[in-house]
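# Observations on chain architecture
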Protein chains: 2
Amino acid sequence: MQAAEQAIALAIAASDAHEFPVGAVVHRDGMIIGAGMNQKETLKDPSAHAELLAIRAASEAIGDWRLTGATLVSTLEPCPMCLGAILQARIEHVVYLAKDIRWGACGSVMDFSQHHALNHRCTLEYRPNPTVVDLMKQFFKQEGKR
Amino acid sequence: MQAAEQAIALAIAASDAHEFPVGAVVHRDGMIIGAGMNQKETLKDPSAHAELLAIRAASEAIGDWRLTGATLVSTLEPCPMCLGAILQARIEHVVYLAKDIRWGACGSVMDFSQHHALNHRCTLEYRPNPTVVDLMKQFFKQEGKR
């Protein structure tokens, strides 16, 4: 399964658990080293976004907080917290499948992925995916607002 | 013990554990509901900053990801990840005791605490404390760079 497909599968799993549907994976050298789905309500943890959980899982898997050279794929544009974690983890590249016009920190609301003053930067890639948008629309219809 | 004193005690504990000395507490209604110290190296977790751990501890303690009305006190100016988590957690007020000219997201490098587009904002208060600065200087002398 490709990284984007796995992230979408995780977003579906989040939705099944009545969480806002977001999934994320971290891969490096052709291998997925971390995965996460949004679990904010389930864990009652404001930091339990898919991306942050995927980063923590990847760091735990490789035994290093530095994920240098890794790519994070998220179904939704990372928020400031998650982009901050991406930079802290020294992740190289971010792929996201839908924009977040309310919290997106990869261009929608702000963008500090290439901030000149920080000692790490990452590249961004937007790969629009209609399945992801449908999932979120369905969630809002069924569960109300995040 | 006041919140700032407890945050400093946690920064000292971090230093004793050979971590960059940062401590943070979350308080509300006169009670400390969460505390954390930087444990990035120990936990091999890029998200294990004092502030993020204090927020997670507070949410766990009260059983809610929303920390509405709470104040976070950190010995160091929060980074973008931690300020993002502060906003995600709906924290109202942030006090920090030293500036971070490399990663500070409360004015030193960037500041999105009052971003017009986000659905939550927080107020900031800088209370310079020489003990905190001494602790960090001592760390750089003894342990090299973070």
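What counts, and where the lines are drawn
Residues numbered from 1 in each chain as written. Chains lettered and ligands numbered in written order. Predicted model: local features only at pLDDT ≥ 70, side-chain atom pairs only at ≥ 80, totals over all residues. Heavy atoms only, no water. Least-squares fit on C-alpha atoms with pLDDT ≥ 70 in both. Contact = heavy atoms within 4.5 Å. Helix = DSSP H or I, 4+ residues; strand = E, 2+ residues; numbered from the N terminus. Expected span 1.5 Å × (residues − 1). Buried < 20%, exposed > 50% of the residue type's maximum accessible area, 1.4 Å probe, protein only. Arc of directions from axis to C-beta. Polar contact = N/O pair within 3.5 Å; in protein donor to acceptor, adjacent residues only side chain to side chain. Pairing = 2+ DSSP bridges. Axes fitted to C-alpha atoms, helices over the stretch in contact; angles between N-to-C directions. Buried area = accessible area lost by both parts, 1.4 Å probe. Salt bridge = Lys/Arg side-chain N within 4 Å of Asp/Glu carboxyl O.

## Topic: the relation of the copies chain A and chain B
- Overlay of chain A on chain B (RMSD 0.0 Å): rotation 180°, translation along the axis 0.0 Å. Expressed as a symmetry operation, the mapping of one chain copy onto the other fits a two-fold axis. It is Met81 of chain A whose C-alpha, among those of chain A, lies nearest the rotation axis, at 2.0 Å.
- Comparing contact sets, 100% of the residues at the interface of chain A also lie at the interface in chain B, consistent with an isologous, same-surface contact.

## Notes on helix α5 (residues 130-143) of chain A
All names here are of chain A.
- In this model α5 runs 20 Å from its N-terminal to its C-terminal C-alpha over 14 residues, within 8% of the 20 Å that 1.5 Å per residue would give.
- The complete set of buried residues in α5 reads Val132, Leu135, Met136 and Phe139. The arc that holds the buried residues of α5, viewed along the axis, is 95°, so those residues lie on one side. Opposite its buried face, α5 presents the exposed residues Pro130, Lys137 and Lys141, each directed more than 90 degrees away.
- Buried residues in α5 make contact with α1 (3-16).
- Its side-chain oxygen at 2.9 Å from the backbone nitrogen of Thr131, Asn129 defines the N-terminal cap of α5.

## Topic: the sheet that holds strand β4 (residues 93-96) of chain B
All names here are of chain B.
- Sheet architecture is open: five strands sit in the order β2-β1-β3-β4-β5, paired in mixed fashion. With partners counted over all chains shown, the strands left at the sheet margins are β2 (31-37) and β5 (123-126), one partner each. Averaged over all pairs of adjacent strands, the angle between strand axes in this sheet comes to 15°, irrespective of strand direction.
- Pairing geometry for β4 and β5, over four bridges, is parallel. Residue pairing in the sheet places Val95 in a bridge with Glu125 of β5.

## Brief notes about the interface of chain A and chain B
- Listed as interface residues are 33 residues of chain A and, on the opposing side, 33 residues of chain B.
- Both sides of the chain A and chain B interface together cover about 2,900 Å² of buried area, and 66% of this is carbon and sulfur.
- Three residues stand out in chain A for area buried against chain B, namely Trp65, Gln88 and Trp103 of chain A, and they jointly supply 25% of the buried area on that side.
- Asp45 of chain A is paired through a salt bridge with Arg56 of chain B; the nearest N and O atoms lie 3.1 Å apart.
- For the pair chain A and chain B, the interface holds six residue pairs in polar contact (both at pLDDT 80 or more).
- Listing elements by their share of the side of chain A that touches chain B, those giving two or more residues are α2 (40-43), α3 (50-62) and α4 (80-88) of chain A.

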